[in-house]
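The residues making up each chain are set out below.
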Amino acid sequence: EYQATIDFWSAIRGGNARIQIHRQEVCSTCHGQAHTGGPMTCPECNGTGQVTQMGGRMKFNIPCPRCGGSGRVISDCPTCHGQGTVSRSETVEFRIKAGTRDGQRIRLGGKGNAGVNGGAAGDLYVIVRTGTHPVFTRVGDDIQVTVPVTVPEASLGAKVDVPTIDGRAQLKIPPGTQNGQKLRLRERGVESASHPGQRGDQIVTVQVVIPTLNDERSREIMRELGKLNAQDPRAGLFDKAGNRE
């Protein structure tokens, strides 16, 4: 099991990726048998299967520890040292589906370690980690983006261009839109990797930009606007807070 980091756009649009892995593969010298040649006479016991061990003044015959009492031994493969497999580094290329999510697992059959006693190789699982983007934030198959609007646009309503993963799209700002309000562009999100043809939405968070008033005329207009719309946005705030003092 390996992790592979791909960029934001590759996860959305799909493509190819590569990772460097280390795996155990079948030894090419012994073909996974762990030894070379046939059995030969054990050099420890000279084929008798027993060796002599001293215990004080007495001698005991015990099974040969090298051949296990069989009198015959098999030479370990000099390439894999009797393991049957050797370690190898390999570059593996795999396909990224459009819409692949962060944390998704991709199975690559037969790309794992070599099997035991010449058995089939295991599988390689790649866990995909997706990169971020300076403008877009992906949540599932939805795309989130924050778009600044002016006070007149938020107050009176407007149609503004917003960025999407496909380019530009026009978004309708309803009159009286508040700062932080979320608006939805349907099917402007990411195409689903598990359900081709289905797309998520784009969620736009409105950020109302307060203008900096650099001249007296602008400040006078703002004061007049405040008088014409004498609303107290903090009305009822203290009642909700429960502060009786």
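Residues numbered from 1 in each chain as written. Predicted model: local features only at pLDDT ≥ 70, side-chain atom pairs only at ≥ 80, totals over all residues. Heavy atoms only, no water.

Participant: What is the right way to look at the side chain of Asp201 in this model?
Facilitator: The topology assignment puts Asp201 in the loop between strand 14 (182-185) and strand 15 (202-209). Engagement of the side chain of Asp201 in a polar contact is seen with the backbone nitrogen of Glu187, the distance being 2.8 Å. Excluding residues within four positions of it along the chain, Asp201 makes contact with Asp141, Asp142, Ile143, Arg184, Leu185, Arg186, Glu187, Arg188 and Gly189. (Helix = DSSP H or I, 4+ residues; strand = E, 2+ residues; numbered from the N terminus. Polar contact = N/O pair within 3.5 Å; in protein donor to acceptor, adjacent residues only side chain to side chain. Contact = heavy atoms within 4.5 Å.)

Participant: Would you explain the sheet that holds strand 11 (residues 142-150) in this entry?
Facilitator: Sheet strands associate in pairs through backbone hydrogen bonding, adopting either a parallel or an antiparallel arrangement. Taken in spatial order, the four strands make up an open sheet running 10-11-15-14, and their pairing is mixed. Each of the sheet's edge strands pairs with one partner strand only, and the pair in question is strand 10 (137-139) and strand 14. Adjacent strand axes in the sheet meet at a mean angle of 35°, parallel and antiparallel pairs treated alike. Pairing geometry for strand 11 and strand 15, over eight bridges, is parallel. Across the sheet, residue Thr146 finds its bridge partner in strand 15, namely Thr205. (Pairing = 2+ DSSP bridges. Axes fitted to C-alpha atoms, helices over the stretch in contact; angles between N-to-C directions.)

Participant: So what exactly am I meant to see when it comes to unusual backbone geometry here?
Facilitator: Negative phi values dominate among residues other than glycine, just as trans dominates among peptide bonds. Phi angles above zero are rare outside glycine, and Asn46 is one such case at about 55°. Mapped onto the elements of the fold, Asn46 is located in the loop between strand 3 (40-41) and strand 4 (50-55). The phi torsion at Glu187 lies on the positive side, around 55°, for a residue other than glycine. Here Glu187 shows up in the loop between strand 14 and strand 15.

Participant: I tried to follow the sheet that holds strand 9 (residues 124-130) on my own but got confused; where do I start?
Facilitator: Reading across the sheet, the three strands line up as 1-9-8 and stay open at both edges, with mixed pairing between neighbours. Each edge of the sheet is formed by a strand with only one pairing partner; in this case those strands are strand 1 (2-6) and strand 8 (105-108). The average undirected angle you get between the axes of adjacent strands in this sheet is 30°. Here four bridges tie strand 8 to strand 9, and the two strands are oriented antiparallel to one another. Across the sheet, residue Leu108 finds its bridge partner in strand 9, namely Leu124.

Participant: When you look at the layout of surface pockets in this model, what are you seeing that I'm missing?
Facilitator: Empty space among the atoms becomes visible once a probe the size of a water molecule is rolled across them. Volume-wise, the largest pocket comes out at about 710 Å³. Lining the largest pocket are 18 residues, and of these Val151, Ser155, Leu225, Asn229 and Gln231 sit closest to its centre. Elements supplying a minimum of two residues to the lining of the largest pocket: helix 2 (151-156) and helix 3 (216-228). A per-class count over the lining of the largest pocket returns nine nonpolar, eight polar and one charged. Empty space within the second largest pocket amounts to approximately 180 Å³. Around the second largest pocket, the lining comprises 14 residues; the ones closest to its centre are Phe8, Thr130, Gly131, Thr137 and Arg138. Looking at the lining of the second largest pocket, the elements that each hand over two or more residues are helix 1 (8-13) and strand 10. (1 Å grid on protein atoms, 1.4 Å probe; cavity = no way out; pocket = protein on both sides within 12 Å on 5 of 7 lines; lining within 4 Å. Points joined across faces, edges and corners; volume = space filled by probe spheres on them. Nonpolar A, V, L, I, M, F, W, Y, C, P; charged D, E, K, R; others polar.)

Participant: Could you clarify how one ought to interpret the nonpolar core in this entry?
Facilitator: A general tendency of soluble globular proteins is for nonpolar side chains to be buried together. Counting 20 residues, the largest nonpolar core has Ile143, Val162, Leu171 and Ile173 as the members making the most contacts within it. For this core, the elements supplying multiple residues, two or more each, are helix 1, strand 11, strand 12 (158-164), strand 13 (167-173), strand 14 and strand 15. Per element, the largest residue contribution to this core is four residues, and it comes from strand 11. When sequence neighbours within four positions are dropped, the list of residues in contact with Leu171 reads Ala158, Lys159, Val160, Val162, Leu183, Leu185 and Val204. With 14 residues, the next largest nonpolar core counts Ala11, Ile21, Val126 and Val128 among its residues. (Core = buried A, V, L, I, M, F, W, Y, C linked by side-chain atoms within 4.5 Å. Buried < 20%, exposed > 50% of the residue type's maximum accessible area, 1.4 Å probe, protein only.)

Participant: Help me understand the packing of aromatic side chains in this model?
Facilitator: Describing an aromatic ring pair means giving the distance of the ring centres and the angle of the ring planes. Tallied over the full model, the rule gives three aromatic pairs. Ring geometry for Phe8 and Trp9: centres 5.2 Å apart, planes at 85°, overall edge-to-face. Seen in terms of ring centroids, Trp9 and Phe136 are 6.2 Å apart; in terms of plane orientation they differ by 80°. Their pairing is edge-to-face. Of this pair, Trp9 sits in helix 1 while Phe136 sits in the loop between strand 9 and strand 10, and the two are 127 residues apart along the sequence. Residue classification places Phe136 among the buried positions, given a relative accessible area of 6%. The ring centre of Tyr125 lies 4.5 Å from the NZ or CZ of Arg105, which sits over that ring. (Phe/Tyr/Trp six-rings, centres within 6.5 Å; stacked < 30°, edge-to-face > 60°. Lys NZ or Arg CZ within 6 Å of the ring centre and 35° of its normal.)

So far we have only geometry, and geometry alone does not tell us how the molecule works.
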